Amino acid sequence: GYSWAYSGAHGEKTWPTNYGFCGGVYQSPLDFHENILQYDSSLRPIKLFGYDVATAESFTVSNNGHSVSVTLVPTMKIEIEPFHYTASQLHLHWGHKNNPKGSEHCIEGRRFPAEVHVVHYNSDKYTDITKATEAADGLAVLGILIEVGSFNPSFENILSHLNSIKYKDQSIQIAGFNVQELFPKRLDEYFRYEGSLTTPPCNPSVLWTVFRNPVLISEAQLFALETTLYCTDRNSSEPIQMTNNYRQLQAHGDRLVSVSFRE
Ligand SMILES: NS(=O)(=O)c1cc(-c2ccccc2)cc(-c2ccccc2)c1
Ligand SMILES: [Zn+2]
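Here we summarise the structure given alongside this text. (Residues numbered from 1 in each chain as written. Chains lettered and ligands numbered in written order. Predicted model: local features only at pLDDT ≥ 70, side-chain atom pairs only at ≥ 80, totals over all residues. Heavy atoms only, no water.)

### Considering the site of ligand 1
In the vicinity of ligand 1 there are 17 residues, among which His-91, His-117, Ile-129, Leu-197 and Thr-198 approach most closely. The separation between a nitrogen atom of ligand 1 and a polar side-chain atom of His-91 is 3.2 Å. Between ligand 1 and His-93 there is a distance of 3.3 Å, counted from a nitrogen atom to a side-chain nitrogen or oxygen. It is strand E7 (residues 83-94) that provides the largest number of residues to the shell around ligand 1, a total of four residues. Broken down by class, the residue content of the shell around ligand 1 amounts to six nonpolar, 10 polar and one charged. (Near = heavy atom within 4 Å. Polar contact = N/O pair within 3.5 Å; in protein donor to acceptor, adjacent residues only side chain to side chain. Helix = DSSP H or I, 4+ residues; strand = E, 2+ residues; numbered from the N terminus. Nonpolar A, V, L, I, M, F, W, Y, C, P; charged D, E, K, R; others polar.)

### Here we look at the pairing of strand E11 (residues 139-148)
Most of E11 is tucked away: nine of the 10 residues are buried. The pairing of strand E10 (residues 114-122) with E11 spans eight bridges and is classified as antiparallel. Paired with Val-116 across the strands is Ile-144, a residue of E11. As judged from the five bridges shared by E11 and strand E14 (residues 206-211), these two strands associate in the parallel manner. For Val-141, the partnering residue across the bridge sits in E14 and is Trp-208. In this structure, E11 lies alongside strand E15 (residues 215-217), joined through three bridges in parallel fashion. Note on E15: the bridge partner recorded for Val-148 is Ile-217. (Buried < 20%, exposed > 50% of the residue type's maximum accessible area, 1.4 Å probe, protein only. Pairing = 2+ DSSP bridges.)

Encoded structure:
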């Protein structure tokens with residue numbers, strides 16, 4: 001594929017040139033503001049299956065040049081009625097130490113310090129993630145907003161390894177852990193809408209679920225995320241720090257956002 005970035009010559013204004021969907025409809029992320037929200041009493045709590053992964057299993061933590069990603073195991077699934085979706089990977093979006101606001105989704109115009117995306121594909125309908133990504137109803141991504149607060153031992157499963165994957169294409173294996181520990185308690189309170197991948201190729205094939213309640217990590221944990229990784233590989237003569245890897249807010253068009261909670 002073509003190279004893309006969050007700033008500079010290949011920044012998001014240029015994405016539609018090489019990735020048509022990025023200039024199309026149903027794009028993500030969105031701002032969740034009052035007058036586009038609609039309560040939907042049919043929205044059930046998100047059910048997680050197989051998220052408590054044994055330490056005997058392993059995840060691959062990688063620097064893909066745009067984010068830190070954790071490859072998950074296919075025994076991890078979610079149910080969003082009537083379909084089951086199989087987990088593929090999770091990754092993060094964040095800002096910069098001098099402007100520590102890097103979530104992709106916003107609430108009432110407020111951008112949070114960071115955001116986790118757990119990517120799944122509809123395994124009831126599609127045999128693999130590539131086919132699912134090309135289908136309008138193929139993907140379900142869970143968004144977890146991150147706020148600064150107390151130290152979060154569960155996020156250390158990922159953040160404690162960032163120094164081993166400073167450069168693009170570096171990866172390491174880590175022991176399995178209970179990925180549900182990264183989630184907020186309330187899996188019944190979320191925003192729901194039809195959108196897209198927030199990175200090229202921006203396929204409009206994502207059923208988005210963004211939990212209402214953020215999870216907390218410490219100032220130091222956020223600082224590590226903002227200051228450790230590079231977009232460039234180990235040999236690059238011009239290293240580029242991996243910061244502000246979030247896409248700007250997209251137009252709602254005629255979309256409403258459903259909410260599973262009343263007030
Ligand atoms: N932000 S996102 O959730 O829309 C997203 C989903 C997927 C994705 C992953 C697997 C299957 C299908 C889609 C990959 C990325 C990505 C992030 C950084 C660099 C490159 C790609 C981002
Ligand atoms: Zn993402």
